[in-house]
Every structure is written in structure tokens, then in C-alpha cells.
Amino acid sequence: MTDLPYASEAARRRTFAIISHPDAGKTTLTEHLLQAAGAIHLAGQVRARGENRRTSSDWMRIERERGISVSSSVMTFNYQNLIFNLLDTPGHEDFSEDTYRTLTAADSAVMVLDAAKGIEPQTLKLFEVCRLRDIPILTFINKMDREALDPLELMDEISDKLALDVSPMQWPAGSGKRFRGVQDLQNNTFLPFEAKTGAEPSRRLNLEDSQMDGFLPDGQREELSEAAELASEASPTFNLKSYREGHLTPVYFGSALRHFGVIELLDALATHAPDPRHTKAQTNGQETVIAPGVAQTSGFVFKVQANMDPNHRDRVAFTRLASGKFRRNMKLKTTSGKVMSINSPIMFFAQDRGIAEEAYAGDVIGIPNHGTLRVGDSLSESGKIQFAGIPNFAPELLRRARPRDPMKAKHLRKALQSLAEEGVTQLFKPIIGADMILGAVGQLQIEVTAERIAEEYKLDVIFEVSPWSVARWVSAADKTDLENFMDKHKMQMAQDVDGDPVFLGKTPWEIGYAQEKFPKINFMNTKER
């Protein structure tokens, strides 16, 4: 049953993620979106020096030092009587699993492209994740104040590589030093590229305004007119239904660093981005769909973060609400029957936080806990709603972890387990021996893990080459078949952080050989949590 007040509150929410290849300007755009909404007064510059190197979304020390995002963060802000939940994702491919988990909580995405580079490899990977979930994508082509590819070439690349219909909402007048602004193709106005002091919107000029000659000299006016007409004729008209179904992407142009086009992008999100969607789930073992406006409060954990506040050794479960109205101090149950009284729920602004007195479907709240909640857990008032699981992916790097001080082995295991529960890395404990095998997507993930262990747990860890290079979760329809397989391969069997069996191989060939010899065993490179 849908409760109208809950449904109307949910309809005010816009929960979106920002995805891009590293260095496309994602974090800069995030900062300027917050400034445009009035959430902050001065946007941080990622490449600034010393004390000026601060951004609201990059809150870990390694992020500030390297100028990259390595952990998803959440920022909630108000704009145009709507409530936005911005999910800032890591751009680096080594943290693609964190990005995937975050996208499970998003209703739409903003894809940021570098105007000089177009579609880059990581952009393509992240887009495929969006496509798997039918997440609608709005495209922002950034850095137009630098030399850029031809806009028509960029449109063709998006269309060809992403198999999306492309509908430009604006058309740029030049790029680099010749960049003069953009023509709004929806209402035939011109937004001149001018120096701005903050979050104010760009001026809009009528195309016939005499001031246009001052902005578009030397024939650029005719050039823009012809290019905009060609773009409009060659591209499909924007269709809201097609966009929200994930078939079409509207395209905007600008420069996040110069705050040009940012407030127009925010207006587009307010107008076009979908409100919270229906969520697939199981209730009492039956497939169902949970509507945002139903009375029962429910949600799922898509991320766990420890030590956001190093002074308090906290552990917070990021929970996307799927339905109902959440109230502080209410009790929610997990599907395993655990009852949680949520007394200090958190609303996020990057690392800053405040107590959430109430929240609705689409909102992201933080639930402080001491290991009770894990990634993929479902919460509801009845405890009977189970949302679709969040997958883990088989790691591409395996490293053996040991403390420099052998007396600290127990402490290191606890630290690695905590980080594995967050989803930062994966941890495998061989059935025989005391090894701790760390699983990661890439080398930067291992470096971040080492730095966090040193900073948060005061431990010096060494990561050595492991005898294993491939890990696969194993299962079988018949429990006896699995037990026989594990008994014959004790030296290669391990358990993950959830206690599930994992087969470790020296080479991919070894995995293939085992599959051939034991056809009743399933060797899986993904596992739902």
C-alpha cells in the first residue's frame, strides 16, 4: 500500500552518482555543484598547494595528497525545493568495485568527459555498469576552455562507443582560447563564457541581441549558427522517457573549474533526473518490487566505512532507503533477525555529519555500528524484505600480508578483516597455515590499504608476492561433492571474510584444469553479499 505523504516526499529526492575517467574533472565538478546549490561558499581546488588543497568530497589524507578520489563519499544538499544526494565515486580503475557498489544506490548518473579526450577506458567500464542497471545518464563535456575535439566528433563517439542516442541540449562556440560560450538549443539563447565570482548563473542573451557581436567576433556567430543547426538536425530530440529508460543521454558543455555550465547542469538534474525508483526484492521468498511510497521503512547497505573520524574509531554503514519514512530511534531488523535501534543516524556532507531526525526513500543515511551491518545487508521494519545482493568480484592481484613486527599478527588480521568488511580489499584465510592473503583489483588499492593500516591502526604491514595469482569462489549443488573437492585440495582452499570457500590457483590454467576434472563444482568470479 502506497502512503501519499511518503510518496510525495520521495518524489523530492534526486540521488545521483558522478562517474568519469581519472582527471576528467569529476571532483572539481562535485565541488562546484555544491557551491552552485549554496552548500559551500568556496569550491576547493584539488590541485592547489598546501593548506589550500582541500575538497569537501575527498576527505581521506591520501586523496588530498594525491589529488584523486579513492573512496566513495555522500553529500546531501537542497536546491529548488528538492533534496539531492550526490554520490561521489572513485575515478581510479583500481577502485571500480567501490564504484559499482555505489551505483547500486543511485537513480541516475552524470558522466563527465574531458573535451580533449572523449570516451576513455574507465568511462567505458563505468558506463557498462550503468547499463547493467538501466541507470539514466546525463553527459557533461568538461574543460571546454581548453583545446577540445570537434563537438560533432564527440557526439559520434558517445553514440558509437556507448550505443546511446545523443541529444545535445547546448552547443559550444569554439574551444580553448576561442571558447566564447554555449547556445542553449532548447530556447535559442546564448550563454557567454565570462569570469564569474561564484555560483551565480550565466547571463542569457537573445540570439538577435546586439551584444552578441561582442562575444562572437570574426564570423564565429555564423559559424555557431550553422553548427548548432546541423547538430539539432542530426541529433534526436530530447525525450524524457527515453532518457529515464537509459536509451538517450542529454549533453551539456562547460568548464567546471571556471564554474561555467555548472548551475545549468544542476538545473537539468532538477528537471530531468528521476526520483527514487522501485527496487527489486524478495519478501518471504517471493519476488517483489518495493515502491518508494509504501509505508514500511526499508533500505540496504551499499558501503561500510571505518574510521571516518579517527578520534572515535567509528564504523558507519551507508544505507540507501528504498521505502517509507525513517525516524530517529526507530527499530529496524535485518533478514537474519537482528534488531537494531538506530539512535544516532547520520546525514552526510562528505566527512562532516549531522544527526538525521527523519529521512525518506532516496536518502542515504549512516548507521553507526560495531560490525553488526555488512555490505549487502537489508533492513526493514518487518525484517522480511531482502533486496538483491551486491556482488563481489574476484581480485586481480593476490598478496601475502605480514606485519613487520611478528607480535602484531593478530592486530593486523583484525585490521585487514575490518577493511575487507568495508569492501576496500578482500581477505582470504587459507585453511592450512597462518597466511593472510589480500585480494585487490590493482596496485593502488594495496598502497591505500597499507597507508590506512599505518594511519588508522598504527601498524607497519609488508605485502609480499603470493604463491597464488587467481581466486575463485566454489560451490556445488550437492554438499558432498563440494566437501570431497575441498578435502582433495586442502592446500589450495581458503575462506573469505564471510566464511565462504575459495579455491586458490597459481595460474588461470590451473583453474580451468580443476573445472574440467570436477564438472560438478562451480568456480565463480563473482559472489553476492
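Details of the structure are given in the entry above.
Residues numbered from 1 in each chain as written. Predicted model: local features only at pLDDT ≥ 70, side-chain atom pairs only at ≥ 80, totals over all residues. Heavy atoms only, no water.

Would you take a moment to explain the nonpolar core for this structure?
Among soluble globular proteins, nonpolar side chains are generally buried collectively. If you look at the biggest cluster of nonpolar residues, it comprises 77 residues, and the most contacted ones within it are Ile141 and Met155. With five residues, the single largest contributor to this core is strand S15 (residues 315-323). Not counting chain neighbours up to four residues away, the residues in contact with Met155 comprise Ile141, Val166, Pro168, Trp171, Val251 and Phe253. Ala37, Tyr79, Leu266 and Ala273 belong to the second-largest nonpolar core, a separate cluster that totals 32 residues. (Core = buried A, V, L, I, M, F, W, Y, C linked by side-chain atoms within 4.5 Å. Buried < 20%, exposed > 50% of the residue type's maximum accessible area, 1.4 Å probe, protein only. Helix = DSSP H or I, 4+ residues; strand = E, 2+ residues; numbered from the N terminus. Contact = heavy atoms within 4.5 Å.)

Teacher, can you tell me more about the packing of aromatic side chains here?
In this description, an aromatic ring pair is defined by two values, namely the gap between the centres and the angle between the planes. Considering all chains together, one arrives at 16 aromatic pairs under this definition. Ring centres 5.4 Å apart and planes at 55° place the aromatic pair Phe485 and Phe503 in the tilted group. Placement of Phe485 in helix H13 (residues 479-488) and of Phe503 in strand S32 (residues 501-505) is noted, with a sequence separation of 18 residues between them. Phe503 carries the same exposure label as Phe485, and that label is buried. (Phe/Tyr/Trp six-rings, centres within 6.5 Å; stacked < 30°, edge-to-face > 60°.)

Can you walk me through the pattern of salt bridges in this structure?
One side chain can pair with another of opposite charge once the charged atoms of both are near each other. One pass over the structure, following the stated rule, counts 24 salt bridges. One salt bridge connects Glu194 with Arg203, and the closest N-O pair in it is separated by 2.8 Å. As a salt-bridge pair, Glu464 and Arg402 come within 2.6 Å of each other at their nearest N and O atoms. Highlighted residues: Glu464 in strand S29 (residues 461-465) and Arg402 in strand S26 (residues 397-403), separated in sequence by 62 residues. When its relative accessible area of 23% is taken as the criterion, Glu464 is described as partly exposed. Salt bridges linked by common partners bring Arg374, Asp496, Asp498, Asp500 and Lys527 together as one network. (Salt bridge = Lys/Arg side-chain N within 4 Å of Asp/Glu carboxyl O.)

Help me out: how do you make sense of the environment of Gln443 in this one?
Summarising the element assignment, Gln443 is placed in helix H12 (residues 443-457). Assessed through its relative accessible area of 40%, Gln443 is described here as partly exposed. Sequence separation between Gln443 and Leu397 is 46 residues; the distance between their C-alpha atoms is 7.7 Å.

Explain the packing of helix H2 (residues 26-36) against helix H10 (residues 262-272) to me, please; I cannot follow it from the model alone.
Between two packed helices, both the angle of their axes relative to each other and the distance between the axes serve to describe the pair. The N-to-C vectors of H2 and H10 enclose an angle of 75°; their axes lie 9 Å apart at closest approach. In terms of axis orientation, H2 runs roughly perpendicular to H10. Here Leu29, His32, Leu33 and Ala36 of H2 lie close against H10, whose contacting residues are Val262, Ile263, Leu265 and Leu266. Grouping the amino acids of the contact of H2 with H10 by side-chain chemistry returns seven nonpolar, one polar and no charged. (Axes fitted to C-alpha atoms, helices over the stretch in contact; angles between N-to-C directions. Parallel < 35°, antiparallel > 145°, perpendicular 65-115°, else oblique. Nonpolar A, V, L, I, M, F, W, Y, C, P; charged D, E, K, R; others polar.)

No statement about biological role is implied by the geometric values presented.
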